[in-house]
Amino acid sequence: MSAIPPTMTKASSGDPADAASGTQDGLKAGLKNRHLSMIAIGGVIGAGLFVGSASGIAAAGPGILISYALVGAMVVFVMRMLGEMAAANPTSGSFSAYADRALGRWAGFTIGWLYWFFWVVVLAVEATAGAKILQGWIPAVPQWGWALIVMLVLTATNLASVSSYGEFEFWFAGIKVVAIAAFIVIGGLAVFGVLPGSHSDTAGLSNLTSHGGFLPHGPGAILTGVLMVVFSFMGSEIVTLAAGESEDPQRAVRQATNSVIWRIGVFYLGSILVVVSLLPWNSKAIADKGSYVAALDSIGIPHAGQIMNVIVLTAVLSCLNSGLYTASRMAFSLGQRGDAPKAFSVTNKRGVPQTAILASVVFGFVAVAFNYWWPDTVFKFLLNSSGAIALFVWLVICFTQLKFRGIIRREMPEKHLVKMWLFPYLTWATIGMILFVLGYMVVDGGDNRDQVLASSLVGVLVLALGVILGRRHKKAEIAE
């Protein structure tokens, strides 16, 4: 294998002094350790946890805890693999750059563009979700107006500097973390009957086994729950993209990788355990109000709905902020490697890839427009075609790590600071888990099958384009 390409050398130096004073190919190291820590924590808490958990509880009952645990374990393994590569070689392209190196240019091109596509579609989804909440508070401004305002504000934030992104994300993620922690503490006290002023007569651990048992719909419902919760975990990998612009990339990646277990355990399993302990899983309130609002209402917390709206809005803004950052850095990395327009790899005097940010947000604006003009046709296809990309990304990370381990050992053994457990057996087991979920989505039918098929179609098209462009690059190199 050839030596490390110049585009990856600076990022992999691991010298905090270099990171603080220099740049990674124009990107300024403006993210502080506290930014990276909160990005890592907040990355696993998406709006999907607050909004989508009710449907999972309805489908699997208390057994949804097993669904969350299974998906959580899969994400922990994937993050460990990604952490091994990122700690040795932190770069803004993260898994796309590693796939480029380990599997071939076609792999880095394909997964990089698919990941970019995923996040620009997320921009439209989250902008619309945030606009609905804001219009409920101030109806004089139309929903499209709020979506426009939100997108413009966060675009300006990302254009200002990477430290602006980090600071916004620090506070957005901080609010989410405090909210979840407070919910777990208050709800836990209510479950054990020691919360002052609580008047809940439905709370208790008996809810886990009453009302039809722990698995009221049978063991098969666990798999249904897996399909419902798997996509709420997307975003854990953002910290490895951001690490290249931090003061101490390797330290940030090690901390994020080592803490992912407790983050998932506390925020997902802990909060859902509180919900299904406070209320019977089949409570009508969970279906009508959402799991967290229903739980807060059950213990007499006033204005629970509005409190949760504020938290969900914060989660939406956090996702928008990170989505724009992530999409632009992936576009920047693709531009560096010649897999995107060269302008994407150019940074301004503030160390920000301005063209990559603007290109990402323009597509996001277009997707928002599609959501208003053709919500049931064009936008639905965009949603379906990006729906399974999270699983594709995790799958590529697994296959990349199988080969990248050898590269690390041969060329940078001193940087092999994070190691995947039980390699290669656990890596192959994770690949099997992901393939099983994808296969079950197809068998399950409905929207799940549509997502896999549409995402696969887009993936094949991008792959074909990558192969064609790769051959042209090779011919051009030979001609030179």
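Being a predicted model, the structure only gives us computed values, none of them experimental. (Residues numbered from 1 in each chain as written. Predicted model: local features only at pLDDT ≥ 70, side-chain atom pairs only at ≥ 80, totals over all residues. Heavy atoms only, no water.)

**Describing the packing of aromatic side chains**
Here's step 1: All told, the structure shown has 20 aromatic pairs when counted by the stated rule.
Here's step 2: Relative to Tyr440, the ring of Phe436 lies with its centre 6.2 Å away and its plane at 15°, an arrangement referred to as stacked. Of this pair, Phe436 and Tyr440 are both found in helix H19 (residues 425–444), 4 residues apart, which corresponds to roughly one turn of the helix.
Here's step 3: By relative accessible area, which is 22% here, Tyr440 ends up partly exposed.
Here's step 4: Through pairs of rings, three or more aromatic residues link up here, namely Phe95, Tyr115, Phe118 and Trp119.
Here's step 5: Across from the ring centre of Phe170, 4.6 Å away, lies the NZ or CZ of Arg34, which sits over that ring. (Phe/Tyr/Trp six-rings, centres within 6.5 Å; stacked < 30°, edge-to-face > 60°. Helix = DSSP H or I, 4+ residues; strand = E, 2+ residues; numbered from the N terminus. Buried < 20%, exposed > 50% of the residue type's maximum accessible area, 1.4 Å probe, protein only. Lys NZ or Arg CZ within 6 Å of the ring centre and 35° of its normal.)

**Looking at the pattern of salt bridges**
Here's step 1: Inspection of every chain in the model, using the stated rule, returns 8 salt bridges.
Here's step 2: The partner of Arg34 in a salt bridge is Glu167, with the nearest N and O atoms 2.8 Å apart. Here Arg34, found in helix H3 (residues 33–42), pairs with Glu167, found in helix H9 (residues 162–191); they are 133 residues apart in sequence, far enough to count as distant.
Here's step 3: Residue classification places Arg34 among the partly exposed positions, given a relative accessible area of 35%.
Here's step 4: Given a relative accessible area of 25%, Glu167 falls into the partly exposed group. (Salt bridge = Lys/Arg side-chain N within 4 Å of Asp/Glu carboxyl O.)

**Quick notes on the side chain of Ser53**
Here's step 1: The residue Ser53 is located in helix H4 (residues 47–60) in this model.
Here's step 2: Under the relative-accessibility criterion, Ser53 is labelled buried at 0%.
Here's step 3: In terms of polar contacts, Ser53 uses its side chain to reach the side chain of Ser291, at 2.5 Å.
Here's step 4: Beyond its immediate stretch of four places on either side in the chain, Ser53 contacts Gly48, Tyr68, Ile272, Ser291 and Tyr292. (Polar contact = N/O pair within 3.5 Å; in protein donor to acceptor, adjacent residues only side chain to side chain. Contact = heavy atoms within 4.5 Å.)

**Considering the environment of Ser206**
Here's step 1: Among the structural elements, Ser206 can be located in the loop between H9 and helix H10 (220–229).
Here's step 2: For Ser206, a relative accessible area of 46% gives the class partly exposed.
Here's step 3: Along the backbone, Ser206 and Leu278 are 72 residues apart, and their C-alpha atoms lie at a distance of 9.6 Å.

**What about unusual backbone geometry?**
Here's step 1: Backbone torsion omega between Phe423 and Pro424 reads 0°, so that peptide bond is classified as cis.
Here's step 2: Tracing the chain through its elements places Pro424 in the loop between helix H18 (389–411) and H19.
Here's step 3: Even without a glycine there, the phi angle at Ser94 is positive, about 45°.
Here's step 4: Relative to the assigned elements, Ser94 resides in helix H6 (residues 94–102).

**Structural notes on a positive patch on the surface**
Here's step 1: On the surface, a cluster of positive charge is contributed by Arg471, Arg472, Lys474 and Lys475.
Here's step 2: Positionally, Lys474 belongs in helix H20 (residues 446–479). (Patch = residues over 30% accessible without salt bridge, like charges linked within 9 Å, V, L, I, M, F, W, Y side chains within 5 Å. Areas by Shrake-Rupley, 256 points an atom, 1.4 Å probe, with all protein chains shown as cover. Lys, Arg positive; Asp, Glu negative; His and termini not counted. Charge placed at Lys NZ, Arg CZ, Asp CG, Glu CD.)

**Considerations on the environment of Ala179**
Here's step 1: With respect to the helices and strands, the residue Ala179 is situated in helix H9.
Here's step 2: Linking Ala179 and Ile286, residues 107 residues apart in sequence, is a C-alpha distance of 19 Å.

**A short note on the confidence of the model for the protein**
Here's step 1: Per-residue confidence for the protein averages 85 on the pLDDT scale, and 92% of its residues sit at or above 70.
Here's step 2: Here residues 1–24 scores under 50 on pLDDT; set against residues more than four positions off or in separate chains, the count is 48 contacts. (pLDDT = per-residue confidence, 0-100.)

**Let's talk about H19**
Here's step 1: If you check H19, its first and last C-alpha atoms are 28 Å apart, about what 20 residues at 1.5 Å a residue would give, namely 28 Å.
Here's step 2: All of the buried residues in H19 are Leu426, Thr427, Thr430, Ile431, Ile434, Val437, Leu438 and Met441. Looking down the long axis of H19, one finds its buried residues gathered within 155° of arc, a one-sided arrangement. H19 presents Tyr425 and Val443 as exposed residues on the side facing more than 90 degrees away from its buried surface.
Here's step 3: At the C-terminal side of H19, Gly445 shows a positive phi close to 80°. (Expected span 1.5 Å × (residues − 1). Arc of directions from axis to C-beta.)

**Quick word on the packing of helix H7 (residues 105–137) against H18**
Here's step 1: Between H7 and H18, the least distance of the axes is 10 Å, while the angle of their chain directions is 150°. Crossing handedness for the pair H7 and H18: left-handed. The residues of H18 that touch H7, namely those facing Ile111, Leu114, Tyr115, Phe117 and Phe118, are Ile389, Phe392, Val393 and Val396.
Here's step 2: The residue makeup of the contact of H7 with H18, split by class, is 9 nonpolar, no polar and no charged. (Axes fitted to C-alpha atoms, helices over the stretch in contact; angles between N-to-C directions. Left-handed = near helix turned anticlockwise from the far one by under 90°. Nonpolar A, V, L, I, M, F, W, Y, C, P; charged D, E, K, R; others polar.)

**Some details on the environment of Asn321**
Here's step 1: Mapped onto the elements of the fold, Asn321 is located in helix H15 (residues 304–336).
Here's step 2: Judged by relative accessible area, which is 0%, Asn321 ranks as buried.
Here's step 3: Considered as a pair, Asn321 and Met441 are 120 residues apart in the sequence and their alpha carbons are 30 Å apart.
Here's step 4: Residues within four places of Asn321 in sequence aside, it is in contact with Leu154, Thr157, Asn158, Tyr165, Phe168, Glu169 and Phe172.

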